[in-house]
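# Close look at the chain arrangement
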Amino acid sequence: MLRLILRLRPSSGLHCPRALLVGPASLSTRSVPGTGSLKRLHCGAGSRSVCVGSGYSHRGTLLRCHQLTGSCQGQRFYSLPPHVKVELPALSPTMQTGTIARWEKKEGEKISEGELIAEVETDKATVGFEMLEECYLAKILVPEGTSDVLIGAVICITVDSPDLISAFKDVTLESLQAAGAGPSPVASTPPPAAAAAAPPAAPGSSYPPHLKVTLPALSPTMTMGTVQRWEKKVGEKLSEGDLLAEIETDKATIGFEVQEEGYLAKIMVAEGTRDVPLGVPLCIIVEKESDIAAFKDYVETGVTEVSTPAPAPAAAAPAAAAAAAAAAAAAAAAAAPSSAPTAAAPAAPRKGRVFASPLAKKLAAEKGIDLAQVSGSGPDGRITRKDIDSFVPPKAAPAVAAAAAAPAAAVAPAAFTPAAPAGTFTDIPITNIRKVIAQRLMQSKQTIPHYYLSVDVNMDQVLELRKDLNAEVKAQNIKLSVNDFIIKASALACLKVPECNSSWMDTVIRQNHVVDLNVAVSTASGLITPIVFNAHTKGLAAISSDVTALAAKAREGKLQPHEFQGGTFTISNLGMFGVKNFSAIINPPQACVLAVGGSEKRLLPADNEKGFDVASMMTVTLSCDHRVVDGAVSAQWLAEFRKFLEKPVTMLL
């Protein structure tokens, strides 16, 4: 979970809050490749929650959000002493309302610099408010537990002197409105304590001090993750630098390392759980071994529970599947007569535009839910993730009646009409990486106007030079490949024709001044393109070393995000598999990708006694984005590329 700390300081004679953001979204972060990080947060009395960093390893840093300062106003009234109104700002881009989870200070108490005064639950995180200078809490206007507090609503009043507190004893939101203060209204107030049952204690209110590890966004496009493996068990001691777990994102599998010592008290998301939403608590860490037992039956509240169904076998036994289908159909048929009379007609779908959050739309699409049938609980009927998770499809009365009238007919097709002959197929689960590959390739082919140019390159001099150089560096345990020469020639050609080293950015065409080359690598989980940075400045030996190391890390799933996100030009080489030529798909937002085929001996006309020569020829195909690169420009790039390979000594110039 993220933590937002709202601090108050005077501005132009009026006190106004500035928000200090702590979490993965922070722009001011330190990068520690290969490690994660734990950040202490406030979540319940005596408790702390943390976020696990990605390959970037976000540390707990503070980001001043100046855009939030405008939501707080300080106004002076003739009937009241000088004071400061604290309003609820927008603490996330999608936030519309918040919940006052707990007040850390009581009316009349002194608030010192840096002290926490309240916690607010938003749609993204639990937010703690701190003060940057001393003051006194004169009046709490929004009681603890109030939900759906609108952005801009006044939540409390502070003063500079304790002598002024008594003047605000009878101040209410209504009296402020009557006085012309105009505070934003509260969407709803909690019911009286006598009229409702006492709510359950929030997690952490009765537990020892602990750290909650939540799932952050480990890549720019990540919305969910898969807990592949827990490296530690409940009760085990965690030392600094220990690997805690491995998470599969939409880009790669990333290992998380512990930055502080402690004990693993509770695993809240089981190993193998797929599609875990961002912000869901993964586990709990405590400082003392004696505190582990307190979390044996810990259950997180206020967060949608992640279902962890047992993984289905790749190929189920046909007999067992048929028996299960028959039993289910028989049970439905037996229950139909009693349920038919009381079956309610399905709710009529909503007409007109349906308002829903982006996450709700995504979840509805994945679950096959029609948003028109879902009742929204958000502002103005907006459908939220909670509505999708709690949605139960309406039962159609005609279908129930039909099942009651012909139970035997319902059983027979399920039991004796298999979808396909037994043992003719295997269902392979789709990994997050494969999902992203599918989405990006489909987006590329649907939105980018591809065109393709091919040329043949004489590789005789490259092969001869490679043989000589390998003999020279053999003692250094370096072996140059043809692909290293292709990478170097591509990088230099990009410098000669920078239009092909450009990116389509929707509003501008970005022409890059450095060449960061993506090299396509095939792994067990899918295709990934690690980056050879500054390829135009590196020698063949350095390029060879980089490619070898990156390919090994890619196949082991140990690439860090910065090693494969980005790049300016891509090369895909299938020549080692005997492929003569092919056309590659552009990797957006890049403008070009080079597809490299294998070399083969060909007869070429020559002025000699035989009338021909035998040469090793290689076919390459350049895929281009016509929005960025015109045909004549890409042809010029191919001419430069061929010149560098047919006369490799020119790469030294």
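What counts as what
Residues numbered from 1 in each chain as written. Predicted model: local features only at pLDDT ≥ 70, side-chain atom pairs only at ≥ 80, totals over all residues. Heavy atoms only, no water. Helix = DSSP H or I, 4+ residues; strand = E, 2+ residues; numbered from the N terminus. Buried < 20%, exposed > 50% of the residue type's maximum accessible area, 1.4 Å probe, protein only. Areas by Shrake-Rupley, 256 points an atom, 1.4 Å probe, with all protein chains shown as cover. Axes fitted to C-alpha atoms, helices over the stretch in contact; angles between N-to-C directions. Parallel < 35°, antiparallel > 145°, perpendicular 65-115°, else oblique. Left-handed = near helix turned anticlockwise from the far one by under 90°. Contact = heavy atoms within 4.5 Å. Nonpolar A, V, L, I, M, F, W, Y, C, P; charged D, E, K, R; others polar. Core = buried A, V, L, I, M, F, W, Y, C linked by side-chain atoms within 4.5 Å. pLDDT = per-residue confidence, 0-100. Expected span 1.5 Å × (residues − 1). Arc of directions from axis to C-beta. Patch = residues over 30% accessible without salt bridge, like charges linked within 9 Å, V, L, I, M, F, W, Y side chains within 5 Å. Salt bridge = Lys/Arg side-chain N within 4 Å of Asp/Glu carboxyl O. Polar contact = N/O pair within 3.5 Å; in protein donor to acceptor, adjacent residues only side chain to side chain. Pairing = 2+ DSSP bridges. Phe/Tyr/Trp six-rings, centres within 6.5 Å; stacked < 30°, edge-to-face > 60°. Lys NZ or Arg CZ within 6 Å of the ring centre and 35° of its normal.

On a plain count of helices and strands, the protein chain comes out with eleven helices and 30 strands. Among the 653 residues that make up the protein chain, the fraction classed as buried is 44%. Here the protein chain displays about 33,000 Å² of accessible surface, and carbon together with sulfur accounts for 56% of that area.

Where helix α9 (residues 482-496) contacts helix α10 (residues 540-556), the axes come no closer than 9 Å and their chain directions differ by 115°. With respect to α10, the element α9 is oriented roughly perpendicular. Viewed along their axes, α9 and α10 form a crossing whose handedness is right-handed. For the pair α9 and α10, contact is made by D484, F485, I487 and K488 and by L540, I543, S544 and V547, respectively. Classifying every residue of the contact of α9 with α10 by side-chain character gives five nonpolar, one polar and two charged.

Let us look at the nonpolar core. F569, L594, V620, W637, F641 and L645 are the most contacted members of the largest nonpolar core, which totals 50 residues. Take this core: its biggest share by element is eight residues, from α9. When neighbours within four sequence positions are excluded, L594 is seen to be in contact with I486, S490, F569, T570, I571, S572, V620, T621, L622, W637, L638 and F641. Formed by 21 residues, the second largest nonpolar core is a distinct cluster that contains L215, L218, L238 and C283.

Of all residues in the protein chain, 69% attain a pLDDT of 70 or more, and the chain-wide mean is 74. Counting interchain partners and residues more than four positions distant, the pLDDT-below-50 stretch residues 1-78 has 236 contacts. Scored below 50 in pLDDT, residues 181-204 makes 44 contacts in the model with residues more than four places away or belonging to other chains.

On to helix α7 (residues 432-447), then. Since the α-helix packs 3.6 residues into each turn, any two residues three or four apart lie on the same face. The terminal C-alpha atoms of α7 lie 22 Å apart, and with 16 residues this matches the ideal 22 Å at 1.5 Å per residue to within 8%. Of all the positions in α7, only N432, I433, V436, I437 and S444 are classed as buried. Angular distribution of buried residues about the axis of α7 spans 135°; they occupy a single face of the element. Where α7 is buried, its residues meet β14 (224-230), β16 (243-248), β21 (450-458) and β26 (526-528).

Moving on, we get to a nonpolar patch on the surface. Among the surface-exposed residues, L603, F612 and V614 lie close enough to one another that they form a single nonpolar patch of about 270 Å² accessible area. If you trace the backbone, F612 turns up in strand β30 (residues 612-625). On the accessibility criterion, F612 (30% relative accessible area) is partly exposed.

Below, the discussion takes up the side chain of E87. Position of E87 among the secondary structure elements: in strand β5 (residues 84-87). In this structure E87 comes out as buried when scored by relative accessible area, which is 8%. One polar contact links E87 to K85, side chain to side chain, over a distance of 3.2 Å.

A few words now on the sheet that holds strand β7 (residues 110-111). Read across the open sheet, the four strands follow the order β5-β12-β10-β7; overall the sheet is antiparallel. Of all the strands in the sheet, the pair left with one neighbour each is β5 and β7.

Right, let's talk about the pairing of β14 for a bit. Burial within β14 is extensive, with five of its seven residues counted as buried. As judged from the two bridges shared by β14 and strand β19 (residues 276-277), these two strands associate in the antiparallel manner. When the bridges of β19 are listed, M224 appears paired with P277. Of the pairings in the sheet, the one linking β14 to β16 comprises four bridges and is antiparallel in character. Bridging from a neighbouring strand, R229 pairs with E246 of β16.

Turning to α10, a few remarks are in order. Over its 17 residues, α10 extends 24 Å from the first C-alpha to the last, a length consistent with the 24 Å expected when each residue adds 1.5 Å. Among the residues of α10, those classed as buried are L540, I543, S544, V547, L550, A551 and A554. Buried residues in α10, looked at end-on, bunch into an arc of 145°, giving them a common side. Away from its buried face, by an angle of more than 90 degrees, α10 presents the exposed residues T548 and E556. Residues of α10 that are buried make contact with α8 (460-472), α9, β25 (521-523), β26 and β27 (531-532).

All right, on to the packing of aromatic side chains then. How two aromatic rings sit relative to each other is set out by the distance from centre to centre and by the angle between their planes. In the structure shown here, the tally under the stated rule is five aromatic pairs. With a centroid separation of 5.7 Å and 45° between ring planes, the pair formed by F295 and Y298 is classed as tilted. For the pair F295 and Y298, a shared accessibility class is recorded, and that class is buried. For the ring pair W637 and F641, a centre distance of 5.3 Å and an interplane angle of 10° mean the geometry is stacked. With W637 and F641 both in helix α11 (residues 631-646) and four residues apart, the pair spans about one turn of that helix. Its relative accessible area of 0% is what places W637 among the buried residues. Among the residues examined, F641 registers a relative accessible area of 0% and is labelled buried. Ring pairing ties together the aromatic residues Y207, F295 and Y298, which thus form one cluster. Positioned over the ring face of F612 is K610, at 5.4 Å from the centre of the ring.

The next subject is the pattern of salt bridges. Evaluation of the coordinates by the stated rule reveals 18 salt bridges. A salt bridge links E104 to R102; the shortest N-O distance between them is 2.9 Å. On the basis of relative accessibility, which here comes to 32%, the residue E104 falls in the partly exposed class. Exposure remark for R102: the relative accessible area of 17% places this residue in the buried category. Of the charged contacts in the structure, one is a salt bridge between K435 and D275, with a shortest N-O distance of 3.6 Å. With K435 in helix α7 and D275 in the loop between β18 (262-267) and β19, this pair connects stretches of sequence that are 160 residues apart.

Below, the discussion takes up the environment of D160. Turning to its location among the elements, D160 is positioned in the loop between β12 (154-159) and α1 (173-178). Taking C-alpha positions, D160 is 7.4 Å from H83, a pair spaced 77 residues apart along the chain.

Looking now at the environment of Q511. Note that Q511 resides in strand β23 (residues 509-511). Exposure remark for Q511: the relative accessible area of 38% places this residue in the partly exposed category. Expressed as a C-alpha distance, the spacing of Q511 and C500, which sit eleven residues apart in the sequence, is 8.4 Å. Not counting chain neighbours up to four residues away, the residues in contact with Q511 comprise P498, E499, N501 and S502.

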